[in-house]
Amino acid sequence: QVQLVESGGGLVQAGDSLRLSCAASGRTFSTYSMGWFRQAPGKERDFVAAISRSGGNTGYADSVKGRFSISRDNAKNTVYLQMNSLKPEDMAVYYCAARTPPRFSSNVYYTAGYDYWGQGTQVTVSS
């Protein structure tokens, strides 16, 4: 079991940057693949980025490739999402999630592939 708490959201202008953080409790953070998802008003929760246990593998949604970067610091039990060149289309509540299976598979791209979720942090991008 792991508890996840996101932070770092806020209001920014288009073209600005934000770094989201997800702090995890427990002793087993390094055993989880981690993901970031986002949900805009009236929309379903969509995949943004994922990272393997050691950070050696990452994956991104096409809409954020080249702009967002996921990373993790297992010593700090924290996963990050660096968001650059933000667009109004990026406005959403961003959630981090933990996946129990150690294998970094295609399941990391789907909400059903994760076992634990944070409460989310709001990112607002004005044009």
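Look up: the structure comes first, before these words.
So, a few notes on the structure that sits alongside this text. Please read these numbers as outputs of a predicted model, since none were measured by experiment. (Residues numbered from 1 in each chain as written. Predicted model: local features only at pLDDT ≥ 70, side-chain atom pairs only at ≥ 80, totals over all residues. Heavy atoms only, no water.)

**Examining the overall build of the chain**
Scanning the chain from terminus to terminus reveals 0 helices and 11 strands. Along the chain, helices and strands appear, N-terminal first, in the series β-β-β-β-β-β-β-β-β-β-β. Taken against the 2.2 N^0.38 rule, which gives 14 Å for 127 residues, the C-alpha radius of gyration of the chain at 13 Å falls within 12% of a compact globule. In terms of principal-axis extent, the alpha carbons of the chain reach across some 40 × 25 × 25 Å. The buried share of the chain, taken over its 127 residues, is 43%. Counted over contacts in the chain with a minimum sequence separation of 6, partners at least 24 positions apart contribute 59%. Accessible area for the chain stands at about 6500 Å²; split by element, carbon and sulfur atoms hold 44% of it. Separation of charge centres in the chain, based on 13 positive and 9 negative side chains, amounts to 7 Å. (Helix = DSSP H or I, 4+ residues; strand = E, 2+ residues; numbered from the N terminus. Rg over C-alpha atoms; globule rule 2.2 N^0.38 Å. Buried < 20%, exposed > 50% of the residue type's maximum accessible area, 1.4 Å probe, protein only. Contact = heavy atoms within 4.5 Å. Areas by Shrake-Rupley, 256 points an atom, 1.4 Å probe, with all protein chains shown as cover. Lys, Arg positive; Asp, Glu negative; His and termini not counted. Charge placed at Lys NZ, Arg CZ, Asp CG, Glu CD.)

**Overview of the side chain of Asn 77**
With respect to the helices, strands and loops of the structure, Asn 77 is situated in the loop between strand E7 (68–73) and strand E8 (78–83). Discounting chain neighbours no more than four positions away, the residues touching Asn 77 are Cys 22, Ala 23, Ala 24, Ser 25, Gly 26 and Phe 29.

**Focus: the state of the cysteines**
Overall, the coordinates contain 1 disulfide when judged by the stated rule. Here Cys 22 connects covalently by a disulfide to Cys 96, the sulfurs 1.9 Å from one another. Sign of the S-S torsion, about 50° for the bond between Cys 22 and Cys 96, identifies this disulfide as right-handed. Taken together, the residues span a long stretch of sequence, with Cys 22 in strand E3 (residues 18–24) and Cys 96 in strand E9 (residues 92–99) at a distance of 74 residues. Considered together, Cys 22 and Cys 96 belong to a single accessibility category, that of buried residues. (Disulfide = S-S within 2.5 Å.)

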